[in-house]
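Chain residues, written in single-letter form:
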Amino acid sequence: MEKVHDPFSISITTLERWEKRNRRNNFFELVYILEGSGEQQVEHTRSGYSKGSIFLLPSSDCHTYRIDQPTTFLFIQFNASFFSGEQDCVIDFGKWFCRLNFIIGNYNRRAGELITVDSDKQHLVRLLELLMYEQQRSDNHSRRIMQGLMVAVLELIARNVAMELPGAQGVEGKRFADVLLHIQYHLLDEEKITLSYLCQRFNISATYFSEYFKRNAGETYQEFVLRSKLKLAEAKALYTDLPFKEIAWDLGFTDSSHLNKMMKRFYRKGMSDIRRQAMHGAA
């Protein structure tokens, strides 16, 4: 498989016939159709595309396109290192990383449009156009401008991913859904998922919170957080090539053995089994 180490890249390609691109990296790929029409396939699902279609794919997914009319693809590839190692970076890297992990853990990866809300799609198109402009201009300010644009891109994606998550009915159901969404957004920001923070943020009594959470979620708060982290670990094993020790460290586990033990306990399969599944699917 081809490995791409650049943290951020933009490429435009016009094809009359799809050329398979086998890539497995720790980044997402945004695909924007500038011209043309055809059909996208991800795993076993299909969806038509035309000018203006936007897709999001972890680059290890099995995906292909049947091209009906010559198609111009805009590919934008990025990962978390786009914000690392920058002494003058004005972006909160922790928030970027939380959004990236939220998307990895919750995006459905089905074939079809990434964004279905017209206004959000228009915003995203404008952001992509600005990214292309700054990539071409490439002056002393471009990288920081592009960092800000990429944060806005991720926020739009995260909002639309959140809209696809199961909802809840009624005022109390809405509040609990907001609690869960907050935890998912800030899963790796320990300060923002402490019980004291959640109680204050959502105006819930500290003495009542544990009972409230278990009654609504069907499991304890600690179990929910652990399962959420394991779900994210599974997604990282499936859709990135990150070493298991790095995944474990990012998610707050002692080491890769600890992560593997928890994965087997809750899902009856280890990290190596999950990655082999991904490699088999991509074969």
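Thresholds applied
Residues numbered from 1 in each chain as written. Predicted model: local features only at pLDDT ≥ 70, side-chain atom pairs only at ≥ 80, totals over all residues. Heavy atoms only, no water. Phe/Tyr/Trp six-rings, centres within 6.5 Å; stacked < 30°, edge-to-face > 60°. Helix = DSSP H or I, 4+ residues; strand = E, 2+ residues; numbered from the N terminus. Buried < 20%, exposed > 50% of the residue type's maximum accessible area, 1.4 Å probe, protein only. Polar contact = N/O pair within 3.5 Å; in protein donor to acceptor, adjacent residues only side chain to side chain. Contact = heavy atoms within 4.5 Å.

Enquirer: What am I meant to see in the packing of aromatic side chains here?
Expert: For any pair of aromatic rings, the description rests on two quantities: the centre-to-centre distance and the angle between the ring planes. Applying the stated criterion across every chain yields a total of 16 aromatic pairs. Residues phenylalanine 176 and phenylalanine 213 carry aromatic rings whose centres are separated by 5.3 Å and whose planes lie at 65° to one another, so their mutual orientation is edge-to-face. Here phenylalanine 213 lies in helix α6 (residues 206-217) and phenylalanine 176 lies in helix α4 (residues 170-185), a separation of 37 residues in the sequence. Assessed through its relative accessible area of 7%, phenylalanine 176 is described here as buried. Through successive ring pairs, a cluster of aromatic residues spans Phe176, Tyr208, Phe209, Tyr212, Phe213, Tyr221 and Phe224.

Enquirer: Explain unusual backbone geometry here, please?
Expert: Comment: phi is negative for the bulk of residues other than glycine, and the bulk of peptide bonds are trans. The residue asparagine 203 is not glycine, and still its phi comes out positive at about 55°. Its location among the elements puts asparagine 203 in the loop between α5 (195-202) and α6. One non-glycine residue, arginine 268, adopts positive backbone phi at about 60°. With respect to the element layout, arginine 268 can be found in the loop between α9 (256-267) and α10 (271-282).

Enquirer: Explain the side chain of threonine 72 here, please?
Expert: In this fold, threonine 72 is placed in strand β5 (residues 63-78). Residue threonine 72 is classed as buried on the basis of its relative accessible area of 15%. Of note is the side chain of threonine 72, whose polar atom sits 2.9 Å from the side chain of threonine 14. Ignoring anything within four residues of it in the chain, the contact list for threonine 72 reads Ile12, Thr13, Thr14, Tyr32, Ile33, Leu34 and Glu35.

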